[in-house]
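Here's the letter readout for the chains.
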Amino acid sequence: MATANLGDTISFERDGKKYEGVVSGIRENSVMVQYGFSKEKDEPLTTIVNHKNYKIKK
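Residues numbered from 1 in each chain as written. Predicted model: local features only at pLDDT ≥ 70, side-chain atom pairs only at ≥ 80, totals over all residues. Heavy atoms only, no water.

(A) Summary view of the packing of aromatic side chains. All told, the structure shown has three aromatic pairs when counted by the stated rule. Between Tyr19 and Tyr35, the ring centres sit 5.3 Å apart and the planes meet at 65°, which makes this aromatic pair edge-to-face. Note that Tyr19 is positioned in strand β2 (residues 17–26) and Tyr35 in strand β3 (residues 30–38), a separation of 16 residues in sequence. The exposure class assigned to Tyr35 is partly exposed, which follows from its relative accessible area of 29%. One aromatic cluster is present, formed by Phe12, Tyr19 and Tyr35 through successive ring pairs. (Phe/Tyr/Trp six-rings, centres within 6.5 Å; stacked < 30°, edge-to-face > 60°. Helix = DSSP H or I, 4+ residues; strand = E, 2+ residues; numbered from the N terminus. Buried < 20%, exposed > 50% of the residue type's maximum accessible area, 1.4 Å probe, protein only.)

Okay, here's the thing in C-alpha cells:
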C-alpha cells in the first residue's frame, strides 16, 4: 500500500459521503487532511485519516 506525501490529493469517505483533500501532515498510521474551508469559523476544515482509509488521486 502506497502512503500519501505532503501536498498529495486524496479521496476518503466520512459518514457515507466522499471527500477530497490535500495532505498537510503525515504520521506513522495516518495523515492530516485539509478538505475545505469553514466560512462560519473562518478556518480550514481538517481531519485525520488512517492510511488504510484513503486513495491517492492522480
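After presenting the structure, the write-up continues.
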